[in-house]
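The residues making up each chain are set out below.
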Amino acid sequence: VHPEKIASPFPQKYCGIVKVGAVDADQHNSLGGQYGVRGFPTIKIFGANKHKPEDYQGGRSSQAIVDSALNALRSLVKDRLGGKTGGSDSGRQSGGGAGNKKDVVELTDDNFDSTVLDSGDVWMVEFFAPWCGHCKNLEPEWTAAASEVKEQTKGKVKLGAVDATVHQGLASRYGIRGFPTIKIFRKGEEPEDYQGGRTRTDIVAHALDLYSDNIPPPELREILSEDILKKTCEDYQLCIISVLPHILDTGASGRNSYLEVMRTMAEKYKKKMWGWLWTEAGAQMELESSLGIGGFGYPAMAAINARKMKFALLRGSFSETGIHEFLRELSVGRGSTATVGGGALPKINTVEPWDGKDGVLPTEDDIDLSDVDLDELEKTEL
């Protein structure tokens, strides 16, 4: 597989972030010696720790290499968001750091059902044999991955290990015939075989995918105060804001249909971990003005990047199809953006939450005419 064939399938947003290179090891034999290259082709991944690249163990098709590179990138981003630089030899490393052996749960014939099958968490379980060479190679990777997965998923994805030579009942139950075998367990579902790579990076990336698959969709919140807007937009890469028509224009059923579209899209894009907000037309006029919505064209939707103070507006229909197209363009770095008016999040009014009911027009008794000068009004009419 030539480097140019690998580079071309990369999504546009990763261009310049993931780089693919090639070394003629006959001509540059000092590099081959430096990195222990003894056969050809040898592929290495230079991730967070450039001094300790990982051996690539996946398939040799362009798509397999692209998938592995994107997994490495995802893990690198998670590390950096978590404050890890990965540039030194201390702590967990790309090539299999120390980790904490206690983070790998020891599973037995006696505790497996109560610990794994009755748990609401997702489990990745390694079945190993002490004499197995591949198992010994996997052990430091599995341990390092277990510590990182525990931290990044807040314990919602766990890594365990079964000595299949001792706990033969479990090995028999799950048809273990080779070592190491890794299986994934979700409550109420049949276990599935793990088919990914055996490095810490690959294991962590797959665990994070499992985590995002099983997390609930983000909460759709009404903008009731400045704190709600600020926290949502500053805690997430993007906050998706809808300005819905006034309740008198749609009634409760119409509003609920719009909110249901938003919830559906929040579920569809939950892996992005974006924030989702809504407000009623006219309730937050400074917000509307800063986003160029300006009192017409409801329902409207904007996506705000609070770090850059940039936003994009939905130009298509406020429907699952229209919003999907809008968010998909944002996901790949396309679409027209503008600067938030004033260069900062606007002032937000504190309002009461919607009660879930239809709107009610004010009655004559609700209108206070005490300040109206009727004589002046008559002159005006004349």
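To start, this report covers the structure provided alongside it. Note that the coordinates shown come from a computational prediction; the quantities given were computed from them, not determined experimentally.

Reading guide: rules and limits
Residues numbered from 1 in each chain as written. Predicted model: local features only at pLDDT ≥ 70, side-chain atom pairs only at ≥ 80, totals over all residues. Heavy atoms only, no water. Salt bridge = Lys/Arg side-chain N within 4 Å of Asp/Glu carboxyl O. Helix = DSSP H or I, 4+ residues; strand = E, 2+ residues; numbered from the N terminus. Buried < 20%, exposed > 50% of the residue type's maximum accessible area, 1.4 Å probe, protein only. Phe/Tyr/Trp six-rings, centres within 6.5 Å; stacked < 30°, edge-to-face > 60°. Pairing = 2+ DSSP bridges. Contact = heavy atoms within 4.5 Å. Axes fitted to C-alpha atoms, helices over the stretch in contact; angles between N-to-C directions.

### Focus: the pattern of salt bridges
Counting across every chain of the model gives twelve salt bridges. In this structure, the salt-bridge partner of K158 is D121, at a minimum N-O distance of 2.6 Å. You can see K158 sitting in strand β5 (residues 157-163) and its partner D121 sitting in the loop between α4 (112-117) and β4 (122-128), a full 37 residues away along the chain. Residue class for K158 comes out partly exposed when judged on its relative accessible area of 26%. In this structure, R200 engages E148 in a salt bridge whose closest nitrogen and oxygen atoms are separated by 2.4 Å. Taken together, the residues R200 in helix α7 (residues 200-214) and E148 in helix α5 (residues 133-152) connect sequence positions 52 residues apart. Classification of E148 as buried rests on a relative accessible area of 1%. Linked through salt bridges whose partners overlap, the residues forming this network are R186, E189 and E192.

### Quick word on the packing of aromatic side chains
Evaluation of the coordinates by the stated rule reveals eight aromatic pairs. Pairing Y174 with F185 gives two aromatic rings, centres 5.1 Å apart and planes at 80°, and the pair type is edge-to-face. Placement of Y174 in the loop between α6 (168-173) and β6 (181-185) and of F185 in strand β6 is noted, with a sequence separation of eleven residues between them. Classification of Y174 as buried rests on a relative accessible area of 13%. Look at F185 and you get buried, because its relative accessible area is 3%.

### Comments concerning the pairing of strand β12 (residues 310-313)
When a strand is regular, its side chains alternate between the sheet's two faces. Sheet analysis places strand β11 (residues 300-305) next to β12, joined by four bridges and oriented antiparallel. Paired with A303 across the bridge in β12 is A312. Where β12 and strand β13 (residues 338-339) come together, two bridges link them in antiparallel fashion. If you follow F311 over to β13, its bridge partner there is A338.

### Considering unusual backbone geometry
Backbone torsion omega between F179 and P180 reads -10°, so that peptide bond is classified as cis. With respect to the secondary-structure elements, P180 resides in the loop between α6 and β6. For the peptide bond that leads from Y298 to P299, omega is 0°, which places it in the cis range. Tracing the chain through its elements places P299 in the loop between α10 (285-290) and β11. Even without being a glycine, K154 presents a positive backbone phi close to 55°. The phi dihedral of M309 falls on the positive side, at around 55°, and the residue is not glycine. Looking at where M309 falls in the secondary structure, it is placed in the loop between β11 and β12.

### Concerning the sheet that holds β12
Spatially, β8-β10-β9-β11-β12-β13 is the arrangement adopted by the six strands of the open sheet, whose pairing is mixed. Of all strands in the sheet, those with a lone pairing partner are β8 (220-222) and β13, marking the two edges. Against the sheet, helix α8 (residues 226-235) makes contact with β8, β9 (239-244) and β10 (275-280), and its axis sits at roughly 150° relative to β10, the strand it touches most. Where helix α11 (residues 320-331) meets the sheet, its contacts fall on β9, β10, β11 and β12, and the angle it forms with β11 comes to roughly 15°.

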